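Architecture at a glance
Read off the chains here:
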Amino acid sequence: MPGEKASVAGEALLRRLQRLVARAATAKGDDRRQLLALIDDVETARRGLLRECAEVESEMRQATVRKTAIGAYLRNAQAGRGKRNN
C-alpha cells in the first residue's frame, strides 16, 4: 500500500534528521566545510519530509472523497429500500 511505503520512508527521514541533529550538536563552529555539508544534509532531509507530508495529505484527501462517496451510496441504497434517512 502507498500509505505503508510513505510511513516507512517518513520514519527513515525522521531517523536521519535525528542523526543530523546529533551530528550538529558535536560539530565545531569553525569547521566551515563540515557546517556547509551539515546544512545541505538537513535541507535535503527537510525537502524529503515535505514530500512525504504532501503525499500523506493527498492520501487523506482521497480517503475523504471515498468516505463521502460511500456515504452517498449508502444513503441512496437505503432510500431505494424504503428506509428513512436520519
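Reference entry: report on the structure contained in this document. Please read these numbers as outputs of a predicted model, since none were measured by experiment.

Quick look at the overall build of the chain now. On a plain count of helices and strands, the chain comes out with two helices and zero strands. Per-residue burial over the chain gives 14% buried out of 86 residues. The long-range share in the chain, meaning contacts at least 24 apart out of those at least 6 apart in sequence, stands at 56%. As displayed, the chain offers around 7300 Å² of accessible surface, 58% of which is attributable to carbon and sulfur atoms.

This part is about the environment of Leu49. Looking at where Leu49 falls in the secondary structure, it is placed in helix α2 (residues 32-80). On the basis of relative accessibility, which here comes to 18%, the residue Leu49 falls in the buried class. In this structure the C-alpha to C-alpha distance between Leu49 and Ala12, which are 37 residues apart in sequence, comes to 9.7 Å.

For the rest of this paragraph, the subject is the pattern of salt bridges. If you walk through the whole model with that rule in mind, you get four salt bridges. Note that Glu43 and Arg47 form a salt bridge whose closest N and O atoms lie 3.6 Å from each other. Of the two residues, Glu43 and Arg47 are both situated in helix α2; the distance of four residues between them amounts to about one turn of the helix. One network of salt bridges, in which partners are shared, links Glu43, Arg46 and Arg47.

Take α2 next. An ideal rise of 1.5 Å per residue puts 72 Å on 49 residues; α2 measures up with 72 Å between its terminal C-alpha atoms. Here α2 has its buried residues at Leu38, Asp41, Ala45, Gly48, Leu49, Glu52 and Gly71.

Examined against the element boundaries, Leu38 turns out to sit in helix α2. When neighbours within four sequence positions are excluded, Leu38 is seen to be in contact with Leu20, Arg23, Ala24 and Ala27.

Thresholds applied
Residues numbered from 1 in each chain as written. Predicted model: local features only at pLDDT ≥ 70, side-chain atom pairs only at ≥ 80, totals over all residues. Heavy atoms only, no water. Helix = DSSP H or I, 4+ residues; strand = E, 2+ residues; numbered from the N terminus. Buried < 20%, exposed > 50% of the residue type's maximum accessible area, 1.4 Å probe, protein only. Contact = heavy atoms within 4.5 Å. Areas by Shrake-Rupley, 256 points an atom, 1.4 Å probe, with all protein chains shown as cover. Salt bridge = Lys/Arg side-chain N within 4 Å of Asp/Glu carboxyl O. Expected span 1.5 Å × (residues − 1).

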